[in-house]
2 protein chains.
Amino acid sequence: MAAAGETRQDGRVTALTRRERLRAELERDAKSVARRIAAEEGVEGLTLAAVAREVGVTPPALYRYFTGRAGLVRAVYDDVTAEFMDIVTQAVQRQDPDDISAQLHAATRAVLDWSLANKVEFDLLMGAGFPKVAASDDDIPMVIARELGGLFGRRFAQLWREGRLTFPADEDIDPALVPQLRTYRETVGLEFPIGVVFLMIICWRQIYGLLCMAVYGHHQFAFDNPLPLFEHMMDDLLGFLGLTRSPNLRVP
Amino acid sequence: MAAAGETRQDGRVTALTRRERLRAELERDAKSVARRIAAEEGVEGLTLAAVAREVGVTPPALYRYFTGRAGLVRAVYDDVTAEFMDIVTQAVQRQDPDDISAQLHAATRAVLDWSLANKVEFDLLMGAGFPKVAASDDDIPMVIARELGGLFGRRFAQLWREGRLTFPADEDIDPALVPQLRTYRETVGLEFPIGVVFLMIICWRQIYGLLCMAVYGHHQFAFDNPLPLFEHMMDDLLGFLGLTRSPNLRVP
DNA sequence: ATAAAAGAGTGAATACTATTAACCATGTGT
DNA sequence: ACACATGGTTAATAGTATTCACTCTTTTAT
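Every value quoted in this text rests on a predicted model; they were computed, and no experiment measured them. (Residues numbered from 1 in each chain as written. Chains lettered and ligands numbered in written order. Predicted model: local features only at pLDDT ≥ 70, side-chain atom pairs only at ≥ 80, totals over all residues.)

1. So, the overall build of chain A
Note the following rule: Secondary structure elements are taken from DSSP: a helix is a run of H or I of four residues or more, a strand is a run of E of two residues or more, and numbering for both begins at the N terminus. A residue is called partly exposed when the number of other C-beta atoms within 10 Å of its own lies between 12 and 20, exposed at 12 or fewer, and buried at 20 or more, with C-beta atoms placed from the backbone. Placing a C-beta atom from the backbone of each residue, one calls two residues in contact when those atoms lie within 7 Å.
Secondary structure assignment for chain A yields 10 helices and 2 strands. Taken along the three principal axes of its C-alpha coordinates, chain A extends 60 × 55 × 40 Å. Buried positions account for 39% of the 252 residues belonging to chain A. In chain A, the share of contacts with a sequence separation of at least 24, taken over all contacts with a separation of at least 6, comes to 62%.

2. A closer look at the relation of the copies chain B and chain A
To keep it simple, the criterion reads: We superpose the copies by least squares over the C-alpha atoms of residues that have a pLDDT of at least 70 in both of them.
Placing chain B over chain A gives an RMSD of 0.1 Å and needs a rotation angle of 180°, together with 0.0 Å of translation along the axis. Taken together, the rotation angle and the small translation identify this as a two-fold axis. Taking the C-alpha atom as reference, chain B places glycine 209 of chain B closest to the rotation axis, 1.7 Å from it. Of the residues that chain B buries at the interface, 100% are likewise interface residues in chain A, meaning the two copies contact each other through the same surface.

3. Side note on the protein's contact with DNA strand C
What counts is decided by this rule: Nearness between a residue and a molecule or strand is assessed with a C-beta atom placed from the backbone; a distance within 6 Å qualifies. Under this grouping Gly is polar, as are all residues other than the nonpolar Ala, Val, Leu, Ile, Met, Phe, Trp, Tyr, Cys and Pro and the charged Asp, Glu, Lys and Arg.
Not every one of the 22 residues close to DNA strand C is listed here, only the nearest: Thr17, Thr47, Leu48, Ala49 and Gly68 of chain A. Put simply, the parts of the chain that give the surface near DNA strand C at least two residues each are α1 (18-41), α2 (48-55) and α3 (68-93) of chain A together with α1 (18-41) of chain B. Sorting elements by how many residues they give to the surface near DNA strand C places α1 of chain B first, with 4 residues. For the surface near DNA strand C, a count of residues per class yields 12 nonpolar, 4 polar and 6 charged.

4. Some details on the interface of chain B and chain A
Interfaces are often sized by the accessible area lost when the parts come together. Every contact between the two is made by 34 residues of chain B and, on the other side, 35 residues of chain A. By residue class, the composition of the side of chain B that touches chain A is 20 nonpolar, 10 polar and 4 charged.

5. Overview of the environment of leucine 241 of chain B
Residues and elements named next belong to chain B. Considering the arrangement of structural elements, one finds leucine 241 in the segment after α10 (227-240). Classification of leucine 241 as buried rests on a count of 22 C-beta atoms within 10 Å. Along the primary structure leucine 241 and leucine 159 are separated by 82 residues, whereas in three dimensions their C-alpha atoms are 8.9 Å apart.

6. Comments concerning the packing of helix α3 (residues 68-93) of chain B against helix α5 (residues 119-126) of chain B
Residue and element names in this part refer to chain B. We apply this condition: Axis definition: a line fitted to C-alpha atoms, limited for helices to the stretch in contact. Angles are taken between N-to-C directions and run from 0 to 180 degrees. Working definition: roughly parallel below 35 degrees, roughly antiparallel above 145 degrees, roughly perpendicular at 65 to 115 degrees, and oblique for all remaining angles.
At a closest axis distance of 10 Å, the pairing of α3 and α5 adopts a crossing angle of 100°. Classified by the angle their axes make, α3 and α5 are roughly perpendicular. When α3 is examined against α5, the residues Tyr77, Val80, Thr81 and Phe84 are found in contact with a partner set consisting of Glu121, Leu124 and Leu125. When grouped by side-chain class, the residues that make up the contact of α3 with α5 number 5 nonpolar, 1 polar and 1 charged.

7. Here's the deal with the protein's contact with DNA strand D
Taken together, 22 residues are adjacent to DNA strand D, and Thr17, Arg18, Leu48, Ala49 and Gly68 of chain B come closest. Looking at the surface near DNA strand D, the element that brings in the most residues is α1 of chain A, giving 4 residues. Split into classes, the residues belonging to the surface near DNA strand D amount to 12 nonpolar, 4 polar and 6 charged.

8. What to know about the environment of leucine 62 of chain B
Residues and elements named next belong to chain B. Inspection of the secondary structure puts leucine 62 in the loop between α2 (48-55) and α3. Overall, leucine 62 belongs to the buried group, with 23 C-beta atoms counted inside 10 Å. Along the chain, leucine 62 and leucine 46 lie 16 residues apart, while their C-alpha atoms are 14 Å from each other. Beyond its immediate sequence surroundings of up to four residues, leucine 62 is in contact with Ala30, Leu48, Val51, Ala52, Val57 and Leu72.

9. A word on the environment of leucine 72 of chain B
Residue and element names in this part refer to chain B. Here leucine 72 shows up in helix α3. Using a count of 23 C-beta atoms within 10 Å as the deciding quantity, one classes leucine 72 as buried. Here the alpha-carbon distance between leucine 72 and glutamine 158, two residues 86 residues apart in the chain, equals 39 Å. Filtering out sequence-adjacent residues up to four positions away, leucine 72 remains in contact with Ala34, Leu48, Val51, Leu62 and Phe66.

10. Some words on the packing of helix α9 (residues 194-216) of chain A against helix α9 (residues 194-216) of chain B
Put simply, α9 of chain A and α9 of chain B touch, their axes get as near as 7 Å, and they point 90° apart. When the interaxial angle is binned, α9 of chain A and α9 of chain B end up roughly perpendicular. Counted together, Arg205, Gln206, Tyr208, Gly209, Leu210, Cys212 and Met213 of chain A of α9 of chain A and Arg205, Gln206, Tyr208, Gly209, Leu210, Cys212 and Met213 of chain B of α9 of chain B form the full contact between these two elements. When grouped by side-chain class, the residues that make up the contact of α9 of chain A with α9 of chain B number 8 nonpolar, 4 polar and 2 charged.

11. Here's the deal with α2 of chain A
All names here are of chain A. Worth spelling out the cut-off: What the arc measures is the spread of directions leading from the helix axis to the C-beta atoms.
The complete set of buried residues in α2 reads Leu48, Val51 and Val55. Considered in projection along α2, the buried side chains sweep an arc of 65° and stay on one side of the axis. Where the residues of α2 are buried, they touch α1 and α3. Just beyond α2, the residue with positive phi is glycine 56, at close to 80°.

12. So, α1 of chain A
Residues and elements named next belong to chain A. Let me state the cut-off plainly: Helices are assigned an expected span. That span is 1.5 Å times one less than the residue count.
Relative to the 34 Å expected for 24 residues at 1.5 Å per residue, α1 spans 34 Å between its end C-alpha atoms, a close match to the ideal helical length. Of all the residues in α1, the buried ones are Ala30, Lys31, Ala34, Arg35 and Ala38. Positive backbone phi, approximately 90°, marks glycine 42, located one or two places after α1.

By themselves, these are just geometric observations and shouldn't be taken as functional.
This is how it looks when you write it as structure tokens:
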């Protein structure tokens, strides 16, 4: 947290004015209420009117803070994204800095746990809610792909540098896939051969499938607890990368 | 299609009465309009009022046909489910009856193609829309898991009967997973060892991940065309099952 | 054939929602 | 102290779902 001050355009650092403080408070409150309502009722049940009621203003007042309902959803989206990345990052930092296996395992587990505890938010960030938010205005779609891809990518980079990965040579990859892998690599900012990028995507495809199964609950009638499938998958993926399950994995 | 007649409670087979015919027509029209609007605007953009406008009645009239908006969505859900299963079944029947590899490949490809062509409907059947619809009233959640699982399951059953599958023995499966696999097997009505059920679930997890990636479009900035990843996955999964890509695969 | 019953639609009413516009009070800075 | 920017209000418009009472038509039973 930064100190309660802000650099003005003239360079002075001033204490927040009363108005600025109130504005920041209301914005924070509104977003927090919106987040809670969305989690409880689903994003489609999130209404400006309900948020206005709870924060004690009339609905039109919120237009001074967000560009309508879409803007409110977008604000929630941004907040949730930050929280999500924070939690995954923390899970990684909780591991031994040299234990890539534990880092990958913990990161993936953190993604799963957060997604299960925040299903509506998962849908917003990585599911069907995403295209709607993304379609909103600008080009902010791939923030998750970029940040989460970057986080996993740094671990893959380290494995690659240490020569611990077996990956296909460029010539052995489906030519139709090569430009796609290159685009992904450039966008996420990875710096290793596309064969390694390929490994990443194959892993992500499996992780993402398990996440969606668990969150959307299609098979919940049988797989009520997703952890057994998850741990089997992790063993599988770590083995795929030439790693083994770390004995020092730290999960909260 | 049955002839335009119907068996009454007294056993007589009568031609449809005028009222019944009109009712059937309006219901068909309303569902078709609803399906189109949902596909165009998303399920959240599907309104009773819009449907009523297009079919030429006032909104309350639709309450004679559906139990409110939720009932309309549910009706669309049921229709879409039937259409989906129909298309996948047809894709299988287009293959050589003895070529399991082609059947599995074609079925999976049909699922992908349909899902991409019907993203909103996919979300309804197998994504975030599903819990909402499922939560509606009764126990109709696992119709897709049951029917699609059954379709794939019959192919796995045949492979198993022919002794072509390598699968883990019950003792080699994570004990936490065993009861889950049993429940799944009973619910879907499969009749082979849970080790084979395990293979199915592992395959489905991967297929589902690819589907969600393609439909929700998180990585569309790079993987605009999902077919290269799909074909690689199919080679992988078929290999996993001890099969090879069929040279006689027939896709439309 | 006629009367009763059932069904399908309408219109009105209630209660939500978003969004815009005009307006007012107050905090901020000169 | 004054001018202005800001943040809120109320009012109005328009769209939504849903329920209820009522009417007209079709079907069914006597």
